[in-house]
Every structure is written in structure tokens, then in C-alpha cells.
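Okay, here's what each chain looks like letter by letter:
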Amino acid sequence: MMDGQGLRRSVREVFEVRDGEEVELRGWVWRKREHGRLLFIDLRDSTGVVQVAVNSARVGPESFSEASRAGRESSVELRGFVAHDPRAPGGVEVRCSSLKLISPSLDDFPIRKGASARVLYDNRHLYLRSPRVAAVMRIRSNLVWAIHEFFRSRGFVEIDCPTLVTAAVEGGATLFEVNYFGRKVYLTQSVQFYQEAAIYALEKVYSIQPSFRAEKSRTTRHLTEFWHVEAEMAHAGLPELLETVEELVRYAVTRTAELSENELKLLGRSIKTEEVEGRFPRITYGEALDILSRHGFKAEWGLDIGADEERIISSDFEKPVFLTHFPRMLKPFYHKPDPLNQDVTLSADLLAPRGNGEIVGSGVRIESYDELKARILEEGLNPEDYYWYLDLRKYGSVPHAGFGLGVERVLKWILGLPHVRMAALFPRTISRVTP
Ligand code: 4AD
Ligand code: MG
């Protein structure tokens, strides 16, 4: 029936063509209303939803019977004429002339209005079809695109690193173990150490790949598998590091807003690009303690900056804020101590505003062989597990620095999502690994 020659349109295009134009559409039944011999199908494809009127007086009996059998999420192919009609959602409807059922729905679609989070995420494989979820996924794709654009324009080389590793980067508490032919290995927490090896060949590198953390806490910002944007730069110190992170975040957020106009309209949201305009404030860990004591926290030196503390600090700022110079004891062994004060490190976390908390972790790395080995021993780690990482300091070591940014955390912030799981296609958390 359908030859598609020249008539095939996406749903979004239907809103742009002339009144009366004939179109052919393929999609899924998002919603359906029946008024006797008149059916209204809200037809969904990857570009949007449009109302289709199926009138038994205008389509043949075969088409009408197929339309009647098409329950929610059935796949259909249809032809019709575009009519501008103020009564239709978006002001446009398609008056159907013929319809073919590609595949019916065998059961009632399990996603209904008002479904609980549990039902929605047990059925994430079906819930993805919701135009709102699809819009978040498109925005995510735009964000990752923008991040690639930034790095490529700055001469960074993209590298892909292993996922199966033999030693911790970010401490042993959040390692996932894997049985590797009888040997215990882990899922990577960060590709940082491989990037540090690569800078001696490529100088500026970046990667976008999953990291794994056996996070035992149930929070709205922790996933056990998240997508990690990481970069490492030879010859960089703290000032260059902070500049690069700031410029990346500014570019990625404004470019994502620019690329995502349609999706943001559908979500009824806007990205607050003014938050990333101008220089991001920088405060030291010590200054953060002062802010916390003003808010009634018992803010003693060494206090870990957890979710509650981050919320308080980042609520004090309208822009992302860098928290620098964390005490040595709060950071992994590879962080370089400040030559001016050995108790603190040349490290920085970037906290997103409006109480969103950490989106970037970064720092300058120890470049001296002896110093790195001493820190590994001081932390009770085995230098043999880090033999190749130590080797990098044996042959022409240079000052270097890098950072990691969580893709889902950034989306949560810029879209105002209540939970990071909304930013992941199939989220993994302490309580969920299916579907
Ligand atoms: O601060 P983190 O642990 O830093 C590192 O892994 C460094 N090795 C990165 C580097 O310097 N190359 O993690 C970096 C970022 C965090 O700021 C956060 O955005 C994200 O990764 N992240 C998580 N996102 C979601 N769920 C989790 N469980 C996350 N853990 C970290
Ligand atoms: Mg961190």
C-alpha cells in the first residue's frame, strides 16, 4: 500500500508543511481516543507526537479495523492530509486516508500516567519511548557532542582505555571485583592512570567511557556505572587545570543549550546559561570550612566534604565554584602536595550551583618517583600493584594535571533533574542492575 515516494515525513516535519499536503508517516500509537466511528491516534515517532484523525467515513473498512485493533504502542504506517486545526494539540492534525498495522501490542502497555518510579524503572526498556525521556537522551547526546567539539578544538587526542584493571585509582572501598580466569581484577573507577601514561606520547588526551563505583550509599547523585569524561595534560599546573575545566564546562553548557532548543521546549525547561558566564569563583578548603561554620556545621580541619556540606557551599554561589587545596588525608595518594603547604594538595573539585554538588574532580599529580612511592607506602598500598604507574616517573617525568567530569551529574544540574538515574539510558544503582 505504502510506496513512500516523496510523501514520507517525520512527525516534526508535519508541523512545517502546507495545509492540505499529503503525507506518509510511520510510528507508534502513543495514545488513542475512540468516539464511535471516529478515532484519534496520537502518533509518536522519534521526532515528536501528532494527532491523527481516523474517520470511518474517510478510510476504507480495512484501515478502520486495523486502526481499531491498534492499542497503545502498536506500530503503524499511515497516509493522510495535513490540516491546520486549532483544536488539535500543536494546531495541526493529520486526517487519515489509509492505515496499516505493522505490529499490534500483544498486551496492555505497562507504563501508565502516575506510575511509580519502581514501575517506570522496572520497565525502562519501554519507558524510554516517552517523549520526555527521549528528549533527555537527545540532550545527553548533544552534551557529549559538545564535549568532543571542545577537546578536538583544543588539540586533545581521544584515547580509549581498559575497563578491566588490577589496582584501585580512587581507593579500595568502591571497587567492583571481577573473576578474571581465577584471578581477582576490578572494573575501572577512572582511566586517569592510563591517561597519565599516554601524555608522554600525546601530551593532551581525553576519554569518554564508563567508570564503576561500588557506591553503597543511596543518594540522588550516585550511580554504580556512570559515564566519565576525563582529560590529562602534560606540563600543566593548577592554574591551567582550572582554566581548562572552566572553559570546558562553559562551552559544554552553552553549546548544549544551543543544540537542544526543541528538546528543552518539549520538556518545558531552559538551561540557565547565565550560570556559566564569567569567571567561576575559587575558594580553598579552609574557606569552605568558614562557610560551613557560619551555617552551624562543626567544621574542623579534616572534615570530609560530603553531600550535605556540598549543598550548603554550592547554595552560597550562583555559579559553579571551585573548591581547592583539599587536605592530603582527604584525597587519593597521587595528588601533589602544595609546595607552599605540604598538608594540602593541588586539587580542585567543581561544585555546581543550586545545591547540586560535585561535577568535576581534578588535581595536579605527583611527578617525583620517590615522593609517589612514599605516598603509596604511606597509604598501605603495594608498590608492585602500581609498578607501571611508578615507571612513568622514571623516564622523563613532567608536571601534569587532569580531571574527571560525570556526564549524568552535569545533566542533572543543567536540566534540574531530581535524580541522576533520569540521565542514564539504563541506570545502574545499588538497588538496580536490570533491565
Ligand atoms: O572525583 P572523582 O572520583 O575523580 C576521579 O575519578 C579522578 N581520577 C578523575 C581524574 O582526575 N581523571 O570522579 C570525577 C567525577 C565526579 O566529580 C563526578 O562528577 C563523577 O565523576 N562521579 C560520579 N557520577 C555518578 N555516580 C558516581 N558514583 C560518581 N562518582 C564520581
Ligand atoms: Mg571526587
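Here goes a summary of the coordinates provided.

1. Here we look at the sheet that holds strand E7 (residues 164–165)
The antiparallel open sheet is built from three strands, whose spatial order is E7-E9-E8. The sheet is open, and its two borders are formed by E7 and strand E8 (177–180), each paired with just one other strand. Relative to strand E9 (residues 183–187), E8 runs antiparallel, the two being bridged by four bridges. Its bridge partner lying in E9, Asn 179 is registered against Lys 184.

2. Focus: the layout of surface pockets
Over the atoms a probe the size of a water molecule is rolled, and this reveals where empty space is left. Reported here for the second largest pocket is a volume of approximately 550 Å³. Lining the second largest pocket are 22 residues; nearest its centre among them are Arg 12, Thr 47, Gly 48, Val 49 and Leu 266. Among the elements of the structure, helix H1 (11–14), strand E2 (38–45), strand E3 (48–55), helix H5 (131–153) and helix H8 (261–267) are those that each provide at least two residues to the lining of the second largest pocket. Residue contributions to the lining of the second largest pocket peak at five residues, all from H5. Split by residue class, the lining of the second largest pocket holds eight nonpolar, five polar and nine charged.

3. With respect to the side chain of Glu 73
Residue placement: Glu 73 occurs in the loop between helix H2 (61–69) and strand E4 (75–84). A distance of 2.7 Å separates a polar atom in the side chain of Glu 73 from a polar atom in the side chain of Arg 44. Apart from residues lying up to four places away in sequence, Glu 73 is in contact with Trp 28, Val 29, Trp 30, Arg 44, Ser 105, Phe 109 and Arg 129.

4. Let's talk about the packing of aromatic side chains
Two measures describe an aromatic ring pair: the distance that separates the ring centres and the angle between the ring planes. Applying the stated criterion across every chain yields a total of 19 aromatic pairs. Relative to Phe 403, the ring of Phe 151 has its centre 6.4 Å away and its plane inclined at 20 degrees; by these criteria the two rings are stacked. Of this pair, Phe 151 sits in helix H5 while Phe 403 is found in strand E18 (residues 400–406), placing the two residues 252 residues apart along the sequence. One exposure class covers both Phe 151 and Phe 403, and it is buried.

5. Comments concerning the pairing of E4
Note on strand geometry: in a regular strand, side chains alternate between the two faces of the sheet. With eight of 10 residues buried, E4 lies mostly within the body of the structure. In the sheet, strand E1 (residues 22–35) pairs with E4 via seven bridges, with the strands oriented antiparallel. Its bridge partner lying in E4, Glu 22 is registered against Phe 81. Both E4 and strand E5 (residues 92–103) contribute to a ladder of 10 bridges, which runs antiparallel.

6. Thoughts on a nonpolar patch on the surface
There is a patch of nonpolar side chains on the surface, built from Leu 164, Tyr 180 and Phe 181 and spanning about 370 Å² of accessible area. With respect to the helices and strands, the residue Phe 181 is situated in the loop between E8 and E9.

7. Quick word on the site of ligand 1
In the neighbourhood of ligand 1, 22 residues make up the surrounding shell, with Glu 170, Gln 192, Leu 223, Glu 230 and Glu 358 lying closest. One of the side-chain nitrogen or oxygen atoms of Arg 213 is found 2.9 Å away from an oxygen atom of ligand 1. Within the contact set of ligand 1, an oxygen atom lies 2.9 Å away from a side-chain nitrogen or oxygen of Arg 365. Coverage of ligand 1 by the protein chains reaches 95% of its 630 Å² of free accessible surface. Looking at the shell around ligand 1, the elements that each hand over two or more residues are strand E11 (225–234), strand E17 (357–364) and E18.

8. Focus: the pattern of salt bridges
Counted by the stated rule, this structure contains 38 salt bridges. In this structure, the salt-bridge partner of Glu 21 is Arg 9, at a minimum N-O distance of 3.0 Å. Within this pair, whereas Glu 21 is found in the loop between H1 and E1, its partner Arg 9 is found in the segment before H1, the two being separated by 12 residues in sequence. Using a relative accessible area of 24% as the deciding quantity, one classes Arg 9 as partly exposed. Notably, a salt bridge pairs Glu 21 with Arg 18, separated by 3.3 Å at the nearest N-O pair. For Glu 21, a relative accessible area of 16% translates into the label buried.

9. Brief notes about the packing of H5 against helix H13 (residues 407–415)
The contact between H5 and H13 brings their axes to 11 Å, and the two run at 115 degrees. In the crossing of H5 with H13, the sense of the turn from one axis to the other is right-handed. Contacts between H5 and H13 involve Val 136, Ile 139, Arg 140, Leu 143 and Val 144 from the former and Val 407, Glu 408, Val 410, Leu 411 and Leu 415 from the latter. A per-class count over the contact of H5 with H13 returns eight nonpolar, no polar and two charged.

How each quantity is defined
Residues numbered from 1 in each chain as written. Chains lettered and ligands numbered in written order. Predicted model: local features only at pLDDT ≥ 70, side-chain atom pairs only at ≥ 80, totals over all residues. Heavy atoms only, no water. Pairing = 2+ DSSP bridges. Helix = DSSP H or I, 4+ residues; strand = E, 2+ residues; numbered from the N terminus. 1 Å grid on protein atoms, 1.4 Å probe; cavity = no way out; pocket = protein on both sides within 12 Å on 5 of 7 lines; lining within 4 Å. Points joined across faces, edges and corners; volume = space filled by probe spheres on them. Nonpolar A, V, L, I, M, F, W, Y, C, P; charged D, E, K, R; others polar. Polar contact = N/O pair within 3.5 Å; in protein donor to acceptor, adjacent residues only side chain to side chain. Contact = heavy atoms within 4.5 Å. Phe/Tyr/Trp six-rings, centres within 6.5 Å; stacked < 30°, edge-to-face > 60°. Buried < 20%, exposed > 50% of the residue type's maximum accessible area, 1.4 Å probe, protein only. Patch = residues over 30% accessible without salt bridge, like charges linked within 9 Å, V, L, I, M, F, W, Y side chains within 5 Å. Areas by Shrake-Rupley, 256 points an atom, 1.4 Å probe, with all protein chains shown as cover. Salt bridge = Lys/Arg side-chain N within 4 Å of Asp/Glu carboxyl O. Near = heavy atom within 4 Å. Axes fitted to C-alpha atoms, helices over the stretch in contact; angles between N-to-C directions. Left-handed = near helix turned anticlockwise from the far one by under 90°.

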